[in-house]
Amino acid sequence: SDAKLACGCSGAHPLLRVPPVPQPPTITLQSPKDYIFDPRENIVIICEAKGKPHPSFSWTRNGSHFDVDVDSKVLMKPGSGTLVIDISGEKAEAYEATYQCLAHNEHGTALSNDIVVRQSRSPLWSKERTEAITVQAGVSLVLHCRPPAGLPPPLIFWMDNILQKLPLSDRVFQALNGDLYFSNVVPSDTRNDYICFARFPHTQTIQQKQPISITVLESNVTAGFFGDSQSAERAPGFMAPVGASSTQMVLRGQELELECIPEGLPTPEISWRKEGGELPSNRMSIVGYQRTLRISSVVESDAGDYRCTAKNKLGSAEHSIKVTVQASPFWISAPRNLILAPNETGILNCRVSGDPKPKITWSINGMPVDSEYHVDSDTVILNHVQSGSSAVYQCNASNEFGYLLANAFVSVLAEPPRVLTPPNNVYQVITNNMALLDCASFGSPMPTITWFKGSTTAIQNVDPYVIHENGTLEIHTAQPVNSGRYTCIATNALGIKENHVKLEVKEPTRILRLPEYKVVERNMDAVFECRVKHDPSLVPTVTWLKDNKALPLGDNRFVVEKDSLTIRDVSEEDKGTYTCIMNTSLDQDSASAMLTVVEQPDPPSDLELTDQMDRSVQLTWIPGDEHNSPTQKFVIQYEDLLHQPDVWVNLTEVAGSGTTARLQLSPYVYYSFRILAQNHVGFSQPSHPSRQYRTNPAAPDVNPSDVQASGTDHNNLVISWKPLTGLQANGPALRYKILWRQKDADQEWVEETVANASRHVVTDTPTYAPYEVKVQAVNDYGSGPEPQLVLGYSGEDLPSSAPEGVQVMVHNSTLAEVHWEPISSSTVRGKLQGYKVYYKRERGVHETEAEAPEGAAPQTVTFGGDLSEGRLPGLRPYSVYDLHVSVLNGKGEGPPSPSRSFSTPEGVPEQPGFLEISNPNVDSLTLEWGPPLNHNGRLTGYTLKYQPVNSTSELGPAKLMTIAANQTSVTLVNLKSSTLYKFYFYATTIKGSGPSITKEAFTVMDTERLNALMLAPALASARPPGPVFGPLNATASEDGAMLNWEYFGQPRNIFVEYTVEHSKEEWKREAVNSSAHSFTIKGLKPGASYKVRVVARDPVTDSMVHSTEEELVSVPAVANRQVDIATQGWFIGLMCAIALLILVLLIVCFIKRNKGGKYPVKEKEEAHQDPEIQPMKEDDGTFGEYSDTEDNKPLKGSRTASNGTVRRDESDDSLVDYGEGGDGQFNEDGSFIGQYSGKKEKDTHEGNESSEAPSPVNAMNSFI
């Protein structure tokens, strides 16, 4: 048979076909059990069946064989059992009967249902005489239809004689049987054309009843509602059903219709309920003006008591309908076809239900079941079937309401297994989804299905696998690990068959960058991102939707790219929800975001002025469209048509939610108002101006501001102010009343009034006299408030005298202090601003007036306020200066004081003019220099410091030289060849050394070294490819570590280096033979961890060329052996040796201490008098690490000369004489006692020396 298998993944085949095998007949199509035909058309009774071989057909009529070939009017379609009966010219009643179709082949016979064939009928209305009806208004009435019984029953409706449907309502209602009910009649119901029509659907004919005439008589009393007589009002009752209760039966699965038609005046209302339960809301409807309760697809639980209640203002009535539910037979489990192998046992089940309980009968190939079959009511058991016993079994279940007939064939076959799923199917599924691998099979006996993954792994029916009865392998949550080749094997007693399929589990499609909510201004661009991650083997396609619809076609503003959607020049119509859908052949992902288009708001409208007062008015308006961006505020502007026409000024602001504002106004202004709305995008256009509003004049509210009084000449006073604006004038003819008088002079106020002015000049005033001033605003309606008093001064004149008693005190070579006596206030003739000091360098102290250079412009320093002294910084040392002082006021500078001269003492010199290095040799260099531009004193000589620089930029030990002042060059000898030296060169006076000039230079390489350096690149280029060092293996012992390695490079200096883990100590090194491949490090601390490596270094520069990886070695801790060390002989001997050594050192130190010389320190003491002189930072012999920016940074690894002294032929004096530190000691007579040597550099490998007196401890440290 055909089988269609569904799979939730790609790769499933839609249709599987079983190879041809013998099969008993099966009815596939037949006419309904109740077949009503139209006598104007042919009768077609359908019967279609299938089987192998294809079945033949025969018919029975009313239980007897119907010979189709005998009747020429009856035709059976070829290859089919369908009958076509031509009834034209014949009496159709002759073919009304019960027909049954039989389908035969060699394996059995299948039966159709009993098909009852009847002719449709539309009989005429029986003749009856209708009489006119006359009724009193307000009574109930029924018009009976009583249509003829048709087949099928007709549809009923009421119309008038012009074929218009009569209007129905809750008062006038058509019942289910077609009768027309009036709950109460009214005079408007009077008419003579109430006609009942019956439409017969099969024949499409309509029959009508004789018209019925109704006359409604009005009552003699006053008519009431709807024309009803008030005296005719009555409580509800029921016209149908009659009585207090009724019963109704309905079949399961059919539609239940309950009807209650009330009568009464006023017209009652109807409500429904079910006793002891609720109405099934999902299957229930109340129609026909609440008169009909309809329940579809009735089930057994719908049985019970239903109550309808009729109610009006006069009372209520109830009717109970008892509903019983019965059932024609219905299937619980219909018998299923069986395919059995010989000697197998099969069971046919025919399980039905109904009310009353159906009766079940069995037949085989249309004949009653023999006693040889085991039949147990609804079950037939077939034991040990044999070949050739195929048949079709019929199960018939019936009760008084109907019957069910089912065919089920039993086919006895012996077939080897066949796999119906096409071979090598490829199934594709997304990770975490269900995968279904098909293995549809056929065979008899039914094949057993076994699955394998790969070629050997059998799959069990356990998580994550499920093997279904039809052979399908389910992986309910597929993972990438489940990908691969699968094999299904179908097996039965007659053979084995296998099939191979492939499963590919793909990565899911996921949108990583989701589109985000956008708020975009109109006419701008909106960009939605939609970046996806997908399986590389799948090609995604992107689809964009707007509000779940496709984007507009042909709109070039929508630009869809791989990862984005761009909407250009957005408009209001573009707002909405945009959805990105990423599809692959297996899955999809989607994400949505909203676009809101915003723009400036529309301007407000309908500006209205209300509640008008002298100084205020109420302004109201209607806001404009906000365009999706809430209004933040309204800005109210005004135009003063009287004073400033066409100029709009901001008056106030109102919150965006407001629509009214109270405006504070000024007098004598012709106002016009307009409003601007602002949202997040910007301001709207201005609204249309309001009508003009004029305020009445008044006296000024304020006086001019910023009133000032000051003189521009020594005999005047200028009074100025900031004029009032037109808005502040408050009335016509604005002018200003000016009042002034000299303070403390017992004078009357002088007054003057001016207009259109902002200043007034008072002449003939005394010089710099205080005045009191007031300015008041005045217009035609009065004066402003009392003005404030302002204090000012008349004009100033130049000071008339100079300071006296000018004195100069020199502090040091660059700083002097000048003193003077303040002048009297009467000669200042204005406001004292301060004193101005002029000073000028005339010449050097050592120069004569004739030798002095051309004079430069004098320098000036101004000291503000009433001071009598000031300092002059930045003076040139060893110079002669001239100065004078003058007084300053607001007008200018007074006459100068008499000149005073003073001299500055000597200072340190400037940097030497230049330093050049020439004539480099293997062990010598020549230095040439120029004197400082400014000596700043008498030049006493030069100091040279130099030191070597190694390959790691570290400075070596420094050497010092003192050079005579008249020298301009020096040659240094005994230098190291091919070495970089750094030079520091200073000029000195009796005050000390000035700033240094630095240079660097190399000595010339010797031949052997040059050849070695030239050979180094060649050796480096000749190194073999690949790693130079092999793996480093390190093994720890109790007090050391054994290292093993391989070295494949050029000859180098090989070192084993090690350091404690997590420490800041430098790596320690031990040299090893370049041909060695192992080394033992001894003396390591037990319990500690060390980092170790093997390094190849350049023999010339000592730089690292190659290195192994660093290895970590943990030295094991040594157990405490509890040995008393004090009793060990080696320890006693060691202590004795140390004691003897300390005694010898004490003697040596005592001798060395008594070898110090005595030197005068008078010059040193004088050098300390000037605090401006900076000490040499190298006076203690320490020098910084070699650096391009900091020459004096402490240096790691620098060293002194081997004997710790400076050679006599290189320095004639100790640097301690010029230093600020207390490195030496002094006797009572002031002589210096100490070693004639420089201190060792700090932070060197040898440690630090102290300048204190020797001690045994220091001596011991020095020795060590």
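Residues numbered from 1 in each chain as written. Predicted model: local features only at pLDDT ≥ 70, side-chain atom pairs only at ≥ 80, totals over all residues. Heavy atoms only, no water.

Q: A description of the overall build of the chain should follow, citing residues and the corresponding values.
A: Secondary structure summary: the chain contains six helices and 99 strands in total. Evaluated residue by residue, the chain yields a buried proportion of 41% over its 1264 residues. In the chain, the proportion of contacts linking residues at least 24 apart, taken out of those at least 6 apart, comes to 66%. Summed over all atoms, the accessible surface of the chain reaches about 67500 Å², with 50% contributed by carbon and sulfur. (Helix = DSSP H or I, 4+ residues; strand = E, 2+ residues; numbered from the N terminus. Buried < 20%, exposed > 50% of the residue type's maximum accessible area, 1.4 Å probe, protein only. Contact = heavy atoms within 4.5 Å. Areas by Shrake-Rupley, 256 points an atom, 1.4 Å probe, with all protein chains shown as cover.)

Q: I'd like to hear about the state of the cysteines, residue by residue, with values.
A: Between two cysteines, a covalent bond joining their sulfur atoms is known as a disulfide. Under the counting rule described, the total for this entry stands at six disulfides. Note that Cys47 is cross-linked by a disulfide to Cys101, the S-S spacing being 2.0 Å. What sets the handedness of the Cys47 and Cys101 disulfide is the S-S torsion sign, and at about -75° it is left-handed. A residue pair is termed long-range when its members are at least 10 positions apart, and Cys47 in strand S6 (residues 47-52) and Cys101 in strand S11 (residues 97-105) qualify at 54 residues. Both residues of the pair, Cys47 and Cys101, belong to the buried class. The disulfide partner of Cys145 is Cys196, and the gap between their sulfur atoms is 1.8 Å. Judged by the sign of its S-S torsion, about -70°, the cystine formed by Cys145 and Cys196 is left-handed. Linking Cys145 in the loop between strand S15 (141-143) and strand S16 (155-159) with Cys196 in strand S19 (residues 191-200), this pair joins segments that are 51 residues apart in sequence. Take Cys196: its relative accessible area is 0%, and that puts it in the buried class. (Disulfide = S-S within 2.5 Å.)

Q: Give a description of the packing of aromatic side chains that names residues and reports values.
A: Scanning the model with the defined rule gives 22 aromatic pairs in all. Taking the centre distance of 4.6 Å and the plane angle of 15° together, the rings of Tyr768 and Tyr793 count as stacked. Residue Tyr768 is found in the loop between strand S71 (759-763) and strand S72 (770-779), and its partner Tyr793 is found in strand S74 (residues 790-793); the two are separated by 25 residues along the sequence. You can call Tyr793 partly exposed: its relative accessible area is 34%. Each ring, one from Tyr942 and one from Phe985, has its centre 5.2 Å from the other, and the planes form 15°; the classification is stacked. In this pair, Tyr942 is assigned in strand S84 (residues 941-949) and Phe985 in strand S87 (residues 980-989), connecting sequence segments 43 residues apart. A residue is classified by how much of its surface remains accessible, and Tyr942, at 2% relative accessible area, is buried. Classification of Phe985 as buried rests on a relative accessible area of 0%. Through successive ring pairs, a cluster of aromatic residues spans Phe528, Trp544 and Tyr578. When the ring centre of Tyr403 is taken as origin, the NZ or CZ atom of Lys33, which lies over that ring, is 4.0 Å away. (Phe/Tyr/Trp six-rings, centres within 6.5 Å; stacked < 30°, edge-to-face > 60°. Lys NZ or Arg CZ within 6 Å of the ring centre and 35° of its normal.)

Q: Explain the sheet that holds strand S60 (residues 605-610) residue by residue, including any values.
A: Strand order in the open sheet formed by three strands is S60-S61-S64, with antiparallel pairing between adjacent strands. Two strands close off the open sheet at either side, each with one partner strand: S60 and strand S64 (660-664). Strand-to-strand twist across the sheet, computed as the mean angle between neighbouring axes with direction ignored, equals 25°. As judged from the five bridges shared by strand S61 (residues 616-622) and S64, these two strands associate in the antiparallel manner. In the strand pairing of S64, Val617 is matched with Leu663. (Pairing = 2+ DSSP bridges. Axes fitted to C-alpha atoms, helices over the stretch in contact; angles between N-to-C directions.)

Q: Give me the lowdown on a nonpolar patch on the surface, citing residues and values where you can.
A: A surface patch of nonpolar side chains, about 690 Å² in accessible area, is lined by Leu1140, Leu1143, Val1144, Ile1147, Val1148, Phe1150 and Ile1151. Locating Ile1147 in the fold gives a position in helix H4 (residues 1129-1153). (Patch = residues over 30% accessible without salt bridge, like charges linked within 9 Å, V, L, I, M, F, W, Y side chains within 5 Å. Salt bridge = Lys/Arg side-chain N within 4 Å of Asp/Glu carboxyl O.)

Q: Break down the pairing of strand S68 (residues 716-722) for me, citing the residues and quoting the values.
A: Each regular strand shows side chains that alternate between the opposite faces of the sheet. A large share of S68 lies buried, amounting to five of its seven residues. Two strands pair when backbone bridges link them, and strand S67 (residues 705-710) and S68 are joined in this way by four bridges, in the antiparallel orientation. Opposite Gln708, over in S68, you have Ser720 as the bridge partner. Here five bridges tie S68 to S71, and the two strands are oriented antiparallel to one another. Among the inter-strand pairings, Asn716 is bridged to a residue of S71, identified as Thr763.

Q: So what's going on with the nonpolar core? Residues and values would help.
A: Within the largest apolar cluster, 26 residues are counted, with the highest numbers of intra-cluster contacts made by Ile43, Ile45, Trp59, Ile85, Tyr99 and Val117. Secondary-structure elements contributing two or more residues to this core are strand S4 (34-37), strand S5 (43-45), S6, strand S7 (56-61), strand S10 (83-85), S11 and strand S13 (115-119). At four residues, S11 tops the list of elements feeding residues into this core. When residues no more than four places from it in sequence are discounted, the contact partners of Ile43 are Tyr35, Phe37, Leu83, Val84, Ile85, Ile87, Tyr95 and Val117. Within the second largest apolar cluster, 21 residues are counted, among which are Leu1032, Ala1041, Ala1088 and Val1094. (Core = buried A, V, L, I, M, F, W, Y, C linked by side-chain atoms within 4.5 Å.)

Q: Tell me about unusual backbone geometry, and name the residues and values.
A: The omega torsion of the bond from Ala240 to Pro241 falls at -10°, within 30 degrees of zero and hence cis. Position of Pro241 among the secondary structure elements: in the loop between strand S22 (234-240) and strand S23 (245-251). Cis geometry is adopted by the peptide bond preceding Pro464, which originates at Asp463 and carries an omega value of 10°. Mapped onto the elements, Pro464 comes out in the loop between strand S45 (457-458) and strand S46 (465-467). One non-glycine residue, Asp706, lies in positive phi territory at about 55°. Here Asp706 shows up in strand S67. When its relative accessible area of 52% is taken as the criterion, Asp706 is described as exposed.

Q: Report on the pattern of salt bridges, specifying residues and quantitative values.
A: Any two side chains of opposite charge can pair if their charged atoms end up close together. In the structure shown here, the tally under the stated rule is 42 salt bridges. For the salt bridge of Asp160 with Arg191, the shortest nitrogen-to-oxygen distance reads 3.4 Å. Pair noted here: Asp160 is in the loop between S16 and strand S17 (172-174) and Arg191 is in strand S19, with a separation of 31 residues, a long-range link. Using a relative accessible area of 7% as the deciding quantity, one classes Asp160 as buried. In this structure, the salt-bridge partner of Arg234 is Glu263, at a minimum N-O distance of 2.9 Å.

Q: Got a sec to walk through the sheet that holds S15? Specific residues and values, please.
A: The three strands are arranged S15-S18-S17 in an open sheet whose pairing can be described as antiparallel. With one partner strand each, in any of the chains shown, S15 and S17 form the two edges of the open sheet. Each strand of the sheet is rotated relative to its neighbour by a mean of 20°, with strand direction disregarded. Sheet analysis places S17 next to strand S18 (residues 180-182), joined by three bridges and oriented antiparallel. By the bridge assignment, Val172 is partnered in S18 with Phe182.

Q: Requested: an account of the confidence of the model for the chain, with residues and values cited.
A: Taken residue by residue, the chain gives an average pLDDT of 84. The fraction at 70 or more is 86%. With pLDDT under 50 throughout, residues 1015-1024 is counted as low confidence; its partners more than four residues away or in other chains account for nine contacts. (pLDDT = per-residue confidence, 0-100.)

Q: How would you summarise the environment of His627 if you had to cite specific residues and measurements?
A: Inspection of the secondary structure puts His627 in the loop between S61 and strand S62 (633-640). By relative accessible area, His627 is classed as buried at 13%. For His627 and Gln600, which are 27 residues apart along the polypeptide, the C-alpha to C-alpha distance reads 7.0 Å. Setting aside residues no more than four positions away along its own chain, His627 makes contact with Glu572, Val597, Val598, Glu599, Gln600, Pro601 and Asp602.

Q: Give a detailed account of the side chain of Thr988, specifying residues and quantitative values.
A: As for its placement among the helices and strands, Thr988 is situated in strand S87. When its relative accessible area of 11% is taken as the criterion, Thr988 is described as buried. Beyond its immediate stretch of four places on either side in the chain, Thr988 contacts Pro909, Arg938, Leu939, Thr940, Gly941, Tyr942, Thr943 and Ser993.

Q: Provide a residue-level description of the pairing of strand S92 (residues 1053-1060), including the pertinent values.
A: For S92, the tally of buried residues reaches six of eight residues, placing the bulk of the element in the interior. Two strands pair when backbone bridges link them, and S92 and strand S95 (residues 1089-1097) are joined in this way by eight bridges, in the antiparallel orientation. By the bridge assignment, Tyr1058 is partnered in S95 with Val1092. Of the pairings in the sheet, the one linking S92 to strand S93 (residues 1068-1072) comprises five bridges and is antiparallel in character.

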